[in-house]
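Observations on the model geometry
This is what each chain is made of:
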Amino acid sequence: MKTLKALPLALALIAAAALAPLAVPGALAQVSNIDAQWASSSIMMAGKRANQVPGIKKVPSVGVIRLDIPTVPMFRGDIPDWQEYKIMTQRNAAGVAKLQKALAANPVTAAALAKVRVKPWQVAGVQIGSNGALRLYIFSSRNW
């Protein structure tokens, strides 16, 4: 009888283990409606945000939003796809490059990026919290 009670639990564990490789790592997320607005703003304001980076003395947390995850088209949805983010990043290339250099030059932000396995060249935009928390908008490869 105990075997029959343990069987559903065992099947659930096996199913979870089989689906684990399909899960997206916790530090990565697909862009939502609000993130789409923040991502666009962050890319367009990259040069101005770069000016704030040298003043960051502590980074208590880092959030990473990947811009190159394909999105599912939604009826009347306003979430840009990764190609639109790519174009926006190219149009703001000078500001994005300035931001990337600033993130790499500040030892605190460079360490925070390394901790979440993000290279400065991947960053297209950033939101900086009042306490130094970072929300990074990144591309996962150099092909952007």
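The structure this text deals with has already been given above.
Here goes a summary of the coordinates provided. (Residues numbered from 1 in each chain as written. Predicted model: local features only at pLDDT ≥ 70, side-chain atom pairs only at ≥ 80, totals over all residues. Heavy atoms only, no water.)

What to know about the sheet that holds strand E3 (residues 134–138)
The following threshold applies: The criterion for strand pairing is that DSSP finds at least two bridges linking the strands in question. Secondary structure elements follow DSSP: runs of H or I no shorter than four residues count as helices, runs of E no shorter than two count as strands, and numbering proceeds from the N terminus. Between N-to-C directions, angles cover 0 to 180 degrees, with each direction set by a line fitted to C-alpha atoms, over the stretch in contact for helices.
The strand order across the open sheet built from 3 strands is E1-E3-E2, with neighbouring strands paired in mixed fashion. Of all the strands in the sheet, the pair left with one neighbour each is strand E1 (62–66) and strand E2 (123–128). Direction aside, neighbouring strands of the sheet carry axes that sit 20 degrees apart on average. As judged from the 5 bridges shared by E1 and E3, these two strands associate in the parallel manner.

Section: the pattern of salt bridges
So the rule is basically this: Any carboxyl oxygen of Asp or Glu that lies within 4 Å of a side-chain nitrogen of Lys or Arg is treated as forming a salt bridge with it. Categorising residues by exposure relies on relative accessible area from a 1.4 Å probe, with only protein chains included: less than 20% of the type maximum marks a residue as buried, more than 50% marks it as exposed, and the intermediate range marks it as partly exposed.
Summed over the entire model, instances satisfying the criterion amount to 1 salt bridge. Arginine 66 is the salt-bridge partner of aspartate 68, the closest N and O atoms lying 3.1 Å from each other. Judged by its relative accessible area of 15%, aspartate 68 is buried.

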